[in-house]
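# Per-entry structural report
These are the residues of each chain, in order.
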Amino acid sequence: MNCNVKLLCLDVDGTLVDDTKNLPLKNLEAIRWAHFEKGVHIAIISGRNEPSVRNFMDMLGIQEAVPSLNGCLVRDYDGTMIQEHLIDCETALGIHEIAKELGCTYFYYHHNDWCVNFGQEKWWQQEQEASGSKGFVTDLDAKIRQQEPNKILGVNEDPELTRCLKASIEKRYSDEVDCFLSTPQFLEILPKGVSKATAVDALCVHYGIGRENVMAIGDFYNDVDMLKAAKIAVAMANAPKDIQAMATYTTKADNGHCGVAEAIARFIM
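This text gives an overview of the structure that appears in the document. (Residues numbered from 1 in each chain as written. Predicted model: local features only at pLDDT ≥ 70, side-chain atom pairs only at ≥ 80, totals over all residues. Heavy atoms only, no water.)

Turning our eyes to something else, we now look at the overall build of the protein. Across its full length, the protein carries 11 helices and 14 strands. Taking 2.2 N^0.38 as the reference for a compact globule, 269 residues should give roughly 18 Å; the C-alpha atoms of the protein span a radius of gyration of 18 Å, in line with that estimate. With the principal axes as the frame, the protein shows a C-alpha extent of 50 × 40 × 35 Å. Of all 269 residues assigned to the protein, the portion counted as buried reaches 58%. For the protein, contacts bridging at least 24 residues in sequence account for 57% of all contacts bridging at least 6. About 11,200 Å² of surface is accessible on the protein, with carbon and sulfur atoms providing 48% of the total. Side-chain charges of the protein comprise 26 positive and 39 negative groups, with the mean position of each set lying 4 Å from the other. (Helix = DSSP H or I, 4+ residues; strand = E, 2+ residues; numbered from the N terminus. Rg over C-alpha atoms; globule rule 2.2 N^0.38 Å. Buried < 20%, exposed > 50% of the residue type's maximum accessible area, 1.4 Å probe, protein only. Contact = heavy atoms within 4.5 Å. Areas by Shrake-Rupley, 256 points an atom, 1.4 Å probe, with all protein chains shown as cover. Lys, Arg positive; Asp, Glu negative; His and termini not counted. Charge placed at Lys NZ, Arg CZ, Asp CG, Glu CD.)

Here you go:
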């Protein structure tokens with residue numbers, strides 16, 4: 001495919017990193033080559049919070065815009081706000097009640113802060129280890145009233161309960177938020193109309209380019225809008241079959257074997 005790639009958008013988990021959450025050297029070298037040798041802008045567009053995304057940008061040695069929270073927040077590397085979206089207080093409180101009724105954990109995210117409710121210390125510890133950023137345990141209702149969240153994450157070890165949470169939220173709050181699974185256990189809850197594609201469009205304006213210059217690589221349902229927004233949509237070999245079916249190209253290598261490096265070598269000349 002003939003495409004002048006000027007912006008490469010990358011998911012993290014299941015895409016950029018392997019299953020141990022490490023960044024493979026071949027991926028790092030390919031991304032650095034695309035940026036420093038070919039002049040391609042690099043954006044890590046993830047459900048992770050900004051400090052976690054910045055950790056990866058620092059590993060790459062690239063100082064460019066930092067989208068985070070599945071497109072709810074986009075800031076330039078120097079901290080200048082490019083775009084922000086919030087979930088209103090009453091909706092966030094209502095979703096918290098639904099999560100409690102179903103026995104699901106509710107993660108709150110605003111800018112660099114994230115937290116869980118008292119009694120959810122196990123999930124707090126797991127998220128700190130996974131994200132590499134420090135969160136806290138608090139009275140979540142009071143926190144929501146103090147500051148509306150950019151994003152909510154619903155979690156349960158039982159995928160059936162996560163699906164029930166999704167159905168309950170969509171039944172009550174379909175006009176206020178959008179929900180989609182980022183893993184079978186994790187439910188991303190964003191302000192209505194916001195997605196990774198929102199971040200792609202903000203970055204296109206920021207860099208003065210069009211969607212026809214965008215390449216995106218992802219592996220799961222929270223990547224669908226980002227893939228649709230890109231001229232070249234690459235699905236990882238480990239992506240579900242329906243994600244692969246909508247992609248321009250599916251890598252032969254999965255996230256544990258540097259599928260990102262494979263895609264860069266194929267499409268960035």
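What follows continues from the structure just given.
A separate point is the sheet that holds strand β3 (residues 66–68). Strands sit in the order β3-β4-β5 across an open sheet of three strands; the sheet is antiparallel. The two strands at the open ends of the sheet, each matched to only one other strand, are β3 and β5 (81–84). Along the sheet, successive strands turn relative to each other by an average axial angle of 10 degrees, direction set aside. Sheet strands in contact with helix α3 (residues 50–60) are β3 and β4 (73–75), and its direction is about 140 degrees off that of β3. Its contacts with the sheet put helix α8 (residues 196–207) on β3, β4 and β5, and the angle it makes with β5 is roughly 155 degrees. (Pairing = 2+ DSSP bridges. Axes fitted to C-alpha atoms, helices over the stretch in contact; angles between N-to-C directions.)

Taken as a whole, this structure holds four aromatic pairs when the rule is applied. Ring geometry for F107 and Y109: centres 6.3 Å apart, planes at 25 degrees, overall stacked. Summarising the aromatic geometry, the rings of Y249 and F267 are spaced 5.5 Å apart at their centres and angled 75 degrees between planes, so their arrangement reads as edge-to-face. With Y249 in strand β14 (residues 249–250) and F267 in helix α11 (residues 259–267), this residue pair connects regions lying 18 residues apart in the sequence. Accessibility expressed as a relative area gives 11% for Y249, which makes it buried. Among the aromatic side chains, those forming a connected cluster through ring pairs are F107, Y109 and W114. Lying across the ring of Y77, R54 places its NZ or CZ 4.9 Å from the centre. (Phe/Tyr/Trp six-rings, centres within 6.5 Å; stacked < 30°, edge-to-face > 60°. Lys NZ or Arg CZ within 6 Å of the ring centre and 35° of its normal.)

Attention now goes to the side chain of N222. With respect to the helices, strands and loops of the structure, N222 is situated in the loop between β12 (214–218) and α9 (224–229). Overall, N222 belongs to the buried group, its relative accessible area being 7%.

All quantities given are derived from atomic positions and should not be read as evidence of function.
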